[in-house]
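Chain and residue survey
Here is what each chain is made of, one letter per residue.
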Amino acid sequence: MKFAHLAAGLCLFLSACGGPAASSDLSAALDAQLRANAERYGPPAQSVLVLHNGEVLYRNQIGLADVEAGRAVRPDDVYGVYSVSKLFASTLILELADKGRLDLKAPAARYVPTLPAAWREVQVDQLLSHVSGLPDFVSGADDATVFPSTRDEMFRVMGERPFDFPTGTQARYNQTNYVVLQAVLEAVYGMSYRDIVRSRIVEPLGLKDVYLGVENAPRDRLVSPYHGEDGRLVPDRPIQWRDYSVSHAELYTTADDLGRFLTAVAQGRFARQETLARLWRPYPLPNGGTGFASGWDYGESGDYREVGHDGSVKVRVRLLFRGEDLSDHYIIVYLTNGTPENTWTRTFVDSIQPIILRAGNSETP
C-alpha cells in the first residue's frame, strides 16, 4: 500500500527555523528522501529534526497526523515515543553515577530493599543494559492485558517467576528492568519519577511539550498512531499502562523537545562527556555478545559511533560522534505514526544519515 498521496501538498519545510547552518542543498536532498520514504514505506506522517552541535540543520514534517480526519501534521504536534521514554531514565541514572550518588555496579536492592529476594543481586548496570534476566512483565501482553495495579504487586507477581536466563549471560530487551530503575531513581531522589523528570530535565532545559501519560498530552496536537495488519494501515488499540510504566513507555513529546534533550545530553549537562564516552560501550557477555550500552543501543558507521533508541517501530533517535569526542556530534530525531508493513524507523534514519554526513564532510576544511 502506497501513501505518497497523503504527503502530497502537505510538506512544510520550516526554512526560517533552520538557522545559518542550514543548507538549501541538504534540505532539498532530505525533503526528497522523506518523500521517497513516504512512497516506499507508507507512513502517514513523518517529523524529522537534524541537529549538529545544537544547530538546526533540518526540520520538516510531511503527511497526515490523522488519516481519518485528513489532518496535516504540524511542527508542534505531539507523538507518543514509546521506548524512547527510557532515555530519560537512563540519563538520570548516569547523571547520578557521574556525581557519585549511585554505584552502577551495586545491586539495585541497595537502593530498593523491597525488591523480590531473588532479584537482590542484580546490578544497576545490568538493568540498564538489559542483561538482568528478570522476567518481563509485558511479555505476551496486548491491548486487552490488565497489568497489576501497583508496582509492588507487579514485583510480587514477577518475583515468583524464574529468571529468563542467569544474570549477565545474555541480552534480552525487557520492560521490567526500567520499572526497577524508576524505583531506584525515586529512592535516591526521595520524590516521584514525574517530579524528578520535571525538576531535573523539563524545567532546566525549558522543555514545553513533555507529557508522561497520554491522559496528560494535548488531544488537539496528538498524532494518531497506526500499525500494519496484512499490509493495511489500521489504528492502534491503546494499551492500558499503569503509572509505574511512565519511565519505559509513556512519554509524549515533540521532535523539538527531544532534540533539545538529546543535545543537552551530548553537551554533558547531565553526565559529563568523558563519562558518557566511557559508558556508551556495549555490555560484554561471556559468549562474546553484547547488551545495550548503559541504556542506549550502540552501533558504528565508518568513523562514527552511534547511540540511540527505538520507540516501538515508529520512532528512532540517534546521536553520532567520532571516537571519544562528543564536542562534535549530530542528532537525528525521526518520528512517524506507523507503516502498513510495520517497518522499523531505523530504516528511515539509515536512509538520511549518509546524506547528512556527506554534507557535513563536504563542509569540513
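Residues numbered from 1 in each chain as written. Predicted model: local features only at pLDDT ≥ 70, side-chain atom pairs only at ≥ 80, totals over all residues. Heavy atoms only, no water.

Considering the overall build of the protein chain
Selection criterion: For helices the rule is a DSSP run of H or I covering at least 4 residues; for strands it is a run of E covering at least 2, with both sets numbered from the N terminus onward. For the radius of gyration, the atoms used are the C-alpha atoms, and the globule rule reads 2.2 Å times the number of residues raised to 0.38. Residue contacts are defined here by distance: any two heavy atoms, one from each residue, within 4.5 Å place the two residues in contact. The protein chains shown are the only cover counted for residues, whose accessible areas, like all others here, come from Shrake-Rupley with a 1.4 Å probe. All tallies of charge rest on Lys and Arg as positive and Asp and Glu as negative; His and the ends of each chain are not included. The location of each charge is read from NZ of Lys, CZ of Arg, CG of Asp or CD of Glu.
Across its full length, the protein chain carries 10 helices and 13 strands. What you see for the protein chain is a C-alpha radius of gyration of 20 Å, in line with the 21 Å of a compact globule of 365 residues. Reported as C-alpha extents along the three principal axes, the dimensions of the protein chain are approximately 60 × 50 × 40 Å. Sequence separation of 24 or more characterises 69% of the internal contacts of the protein chain that already satisfy a separation of 6 or more. Carbon together with sulfur atoms contributes 49% to the accessible area of the protein chain, which is approximately 14,900 Å² in total. Between the averaged position of the 37 positive side-chain charges in the protein chain and that of its 45 negative side-chain charges there is a distance of 2 Å.

Some remarks on empty space enclosed by the protein
Rules: The distinction between a cavity and a pocket rests on a 1 Å grid over the protein atoms alone: a 1.4 Å probe fits inside a cavity but cannot get out, while a pocket stays open yet meets protein on both sides within 12 Å along at least five of seven lines, and a residue with an atom within 4 Å of a point counts as lining. Grid points are joined across faces, edges and corners, and a volume is the space filled by probe spheres set on the points. As a working rule, the residues Ala, Val, Leu, Ile, Met, Phe, Trp, Tyr, Cys and Pro are called nonpolar, Asp, Glu, Lys and Arg charged, and the rest polar, with Gly in that last group.
As enumerated under the stated definition, the model contains 2 cavities of 30 Å³ or more in all. There is about 70 Å³ of room inside the largest cavity. For the lining of the largest cavity, the secondary structure elements donating two or more residues are β2 (45–52), β3 (55–66) and α8 (255–266). Considering each element in turn, the lining of the largest cavity owes the most residues, 3 residues, to β3. Of the residues in the lining of the largest cavity, the class split is 4 nonpolar, 3 polar and 4 charged. Of the pockets and cavities examined, the second largest cavity occupies roughly 30 Å³. Along the walls of the second largest cavity sit Thr91, Leu94, Val265, Phe270, Ala271, Leu276, Trp280 and Trp296, which together make up its complete lining. Of the residues that constitute the lining of the second largest cavity, the class distribution is 7 nonpolar, 1 polar and no charged.

So, the sheet that holds strand β6 (residues 210–212)
Convention followed: For two strands to be treated as a pair, DSSP must find at least two bridges joining them.
Reading across the sheet, the 3 strands line up as β5-β9-β6 and stay open at both edges, with antiparallel pairing between neighbours. Each edge of the open sheet is held by one strand with a lone partner, namely β5 (79–80) and β6.

Some remarks on the environment of Gln175
This is how the line gets drawn: Each residue gets one of three labels from its accessible area relative to the maximum for its type: buried under 20%, exposed over 50%, partly exposed in between, using a 1.4 Å probe on protein chains only.
Along the chain, Gln175 falls in the loop between α5 (151–159) and α6 (176–189). Look at Gln175 and you get buried, because its relative accessible area is 11%. When the C-alpha positions of Gln175 and Asp136 are compared, they lie 5.9 Å apart, and in sequence the two are 39 residues distant. Non-local contacts of Gln175, meaning those with residues more than four positions away in its chain, are made with Ser83, Lys86, Asp136, Phe137, Val138 and His248.

Points about the side chain of Thr345
Which entries qualify depends on this criterion: As used in this structure description, the phrase polar contact means that two N or O atoms lie within 3.5 Å; if the pair is within protein, one of them must be able to donate a hydrogen and the other to accept it, and residues adjacent in sequence are counted only when both atoms belong to side chains.
Note that Thr345 resides in the loop between β13 (325–336) and α10 (346–362). Classification of Thr345 as buried rests on a relative accessible area of 0%. Within polar-contact distance, the side chain of Thr345 engages the backbone oxygen of Lys314 at 2.9 Å. Discounting chain neighbours no more than four positions away, the residues touching Thr345 are Val313, Lys314, Val315, Arg316, Tyr334 and Thr336.

Looking at helix α3 (residues 86–98)
What counts is decided by this rule: For a helix, the expected span equals 1.5 Å multiplied by the number of residues minus one.
The terminal C-alpha atoms of α3, which comprises 13 residues, lie 18 Å apart, in line with the 18 Å expected from a rise of 1.5 Å per residue. Counting buried positions along α3 yields 12 of 13 residues, so the element is predominantly enclosed. Among the residues of α3, Lys86, Leu87, Phe88, Ala89, Ser90, Thr91, Leu92, Ile93, Leu94, Glu95, Leu96 and Asp98 are the ones counted as buried.

Section: the environment of Ala106
Mapping Ala106 onto the fold places it in the loop between α3 and α4 (124–128). Spatially, the C-alpha atoms of Ala106 and Val307 are 24 Å apart, while their sequence positions differ by 201 residues. When sequence neighbours within four positions are dropped, the list of residues in contact with Ala106 reads Tyr111, Val122, Gln123 and Val124.

Side note on the packing of aromatic side chains
Just so we agree on the cut-off: Here a Phe, Tyr or Trp ring, Trp counted by its six-membered ring, pairs with any other such ring whose centre lies within 6.5 Å, and the pair is stacked when the planes are under 30 degrees apart, edge-to-face when over 60, and tilted otherwise. Charge-over-ring placement is defined geometrically: NZ (Lys) or CZ (Arg) within 6 Å of the ring centre, and within 35 degrees of the ring normal.
By the definition in use, this model includes 12 aromatic pairs. Where Phe261 meets Phe270, the ring centres are 6.0 Å apart and the plane angle is 55°; that geometry is what we call tilted. Take Phe261 and Phe270: they sit in the same class, and that class is buried. The positively charged end of Arg101 is found above the aromatic ring belonging to Tyr189, 5.2 Å away from the centroid.

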